[in-house]
Every structure is written in C-alpha cells, then in structure tokens.
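# Fold and contact review
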Amino acid sequence: MKKILLFLIAFSLFGCAELQQVVSQFPQTGGVIGNMDISNGLKEALNNGISKQVSKLTATDGFFKNQAVKILLPPELQKVDKTLRSIGMSSLADEGLKVLNRAAEDGVKEATPIFVDAVRNMTFTDAKNILMGNESSATTYLQNSTSNALYGKFSPVIQTSLSKVGADKVWANIITKYNSIPLVTKVNPDLKDYVTQEAMKGVFKMVAVEEKQIRTSLSARTSDLLKRVFAMQDKV
C-alpha cells in the first residue's frame, strides 16, 4: 500500500476522473482496504485538495493576492517599472504586474492533464523512496523529475493565456514606452518563459502545502475512509 501514497500526497494536482484512470492501471491489492475503498478515498481527497489549494491559483487574484506565489518582476523589468513610475506612469506599471499574474491564473486552469501525464511516469520504487523521505519529498520529486517535460507542455499554455488576458498587448505598450525614453538601455524580455517558470513554481508550492498537511495533520482526513487510507502511512 505504500506505493499508493504518492498519489494521495500529490492529489491537489489532478482531476478525479483523470487520476482514477491512473489508479486503475495498478495491480490489484489485497488487505482490509480494497481497490474500491482506495479509489473512493482518492476521489474524496482529490476533491478536498483541489478545493483547498490548487483551485485557489485559478481564481481571480489566485496568484496576484497570494504572497506565497505572487509573480513579481524580474530584475530586468524592475528597472522598467521604476522608470515608468518616476515619469508618472504608475498605473501602467501596476497593470503590467497584474496581467502577468492573470496569465498564470488562467494558465494553471489548463495544467491538469499536463501533470496527470507526468505522474504516470513515476515508478513504485520512486513512491517508496518518497514515502520514507521528508515532508516535501513528493513535491521535490515532482519538481526535479518533471520540470523539463512540463515546461515544454506548459509554455504554450502560458503563451495563450498571455494573449487571452491581454498581457502581451499591455507589455508591448510598456516596453515601447520605456524603450523610447532617451538614454535607457533597451529591453526585450521573454515574458512567456518568465511567467511559465513562475507559474510552475507557484503550483509546486501549493502541492508542498497539501503534502505537508496530509502527512502531518489528522484534521485533513475529513471522513472515516480518509482516516483509514491515510492511517497506513502513520505506521511507517
């Protein structure tokens, strides 16, 4: 049963129907808690986790007003922001920061199948090692083993989101105005790359929050089924 824990820990990433497809591929297990109980426990845990953590990122201000994951400006754009404010364009600078976070909020909505594909590559040995690790082992494993592949799939999603929320137009205007200022060093930032990297960091942070709760907090087990399923790890 230890090999099931990774998917319980990582539950905040996945839609119930999609993760159930992954679980159905596992060998049948014996014992007091059967596959049906595990399946139902996963569905319940997934619904709880999605409502508590990752879904927060997809809401308006899910990134922008969450200080743990809010996307700030990289050094190259901080000087742009400072210069615009110094010449009376604070409102444009504020809008520029906000739309980057809006793009991340929109992009994460499309991320579920991407992360489901990633978790299919995890082995039972990986799960056992993660179980024996620290309170963020699952999150660290996901980040280290899937980031490159996830980036390739997530990047075009973010590109679409930048356009959808109007961030590309806002920043085209910002950069044009900044580059027209005499004596400044012209900039040409890769916003797609930056927002993709920061959005992924935000998702992993929220996974870490849920992983810690499910490993350490009995109160996170909100039904008899969850208590029985997660009690397995307490005995390790």
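Everything numeric in this text was worked out from a predicted model, so none of it was measured. (Residues numbered from 1 in each chain as written. Predicted model: local features only at pLDDT ≥ 70, side-chain atom pairs only at ≥ 80, totals over all residues. Heavy atoms only, no water.)

Secondary structure summary: the chain contains eleven helices and zero strands in total. When its helices and strands are written in sequence order, the chain yields α-α-α-α-α-α-α-α-α-α-α. The buried share of the chain, taken over its 236 residues, is 48%. Summed over all atoms, the accessible surface of the chain reaches about 11,500 Å², with 53% contributed by carbon and sulfur. (Helix = DSSP H or I, 4+ residues; strand = E, 2+ residues; numbered from the N terminus. Buried < 20%, exposed > 50% of the residue type's maximum accessible area, 1.4 Å probe, protein only. Areas by Shrake-Rupley, 256 points an atom, 1.4 Å probe, with all protein chains shown as cover.)

This paragraph deals with the packing of aromatic side chains. Taken as a whole and judged by the stated rule, the model has zero aromatic pairs. Looking at Lys-70, its charged tip hangs above the ring of Phe-64, at a distance of 4.6 Å from the centre. (Phe/Tyr/Trp six-rings, centres within 6.5 Å; stacked < 30°, edge-to-face > 60°. Lys NZ or Arg CZ within 6 Å of the ring centre and 35° of its normal.)

Our focus in this paragraph is the nonpolar core. Counting 40 residues, the largest nonpolar core has Phe-63, Leu-162, Trp-171 and Val-195 as the members making the most contacts within it. Elements with a contribution of two residues or more to this core: α3 (35-58), α4 (75-86), α5 (90-109), α8 (137-164), α9 (167-179) and α10 (191-216). The biggest single contributor to this core is α10, with nine residues. For Phe-63, the contacting residues outside a window of four places in its chain are Leu-57, Val-69, Lys-70, Ile-71, Asn-101, Ala-104, Glu-105, Val-108, Glu-198, Ala-199 and Gly-202. (Core = buried A, V, L, I, M, F, W, Y, C linked by side-chain atoms within 4.5 Å. Contact = heavy atoms within 4.5 Å.)

Tallied over the entire structure, the rule returns seven salt bridges. For Asp-94, the salt bridge is made with Arg-85, and the minimal N-O distance between the two is 2.6 Å. On the basis of relative accessible area, Arg-85 is assigned to the partly exposed category, the value being 31%. We note a salt bridge from Glu-105 to Arg-102, for which the minimum N-O separation is 3.2 Å. A residue pair is termed a helical-turn pair when its members lie 3 or 4 positions apart in one helix, as Glu-105 and Arg-102 do in helix α5 at three residues. Here the salt bridges do not stand alone but share partners, grouping Asp-61, Lys-65, Arg-102 and Glu-105 into one network. (Salt bridge = Lys/Arg side-chain N within 4 Å of Asp/Glu carboxyl O.)

For the chain, the average pLDDT comes to 76, and 63% of its residues sit at 70 or higher. The secondary structure element of the chain with the lowest average pLDDT is helix α1 (residues 5-9), at 45, and the one with the highest is α9, at 95. Note on residues 1-20: pLDDT is under 50 here. Beyond four places in sequence and across chains, it has 73 contacts. Confidence drops under pLDDT 50 across residues 22-31; counting only partners more than four residues distant or on other chains, this segment forms 16 contacts. (pLDDT = per-residue confidence, 0-100.)

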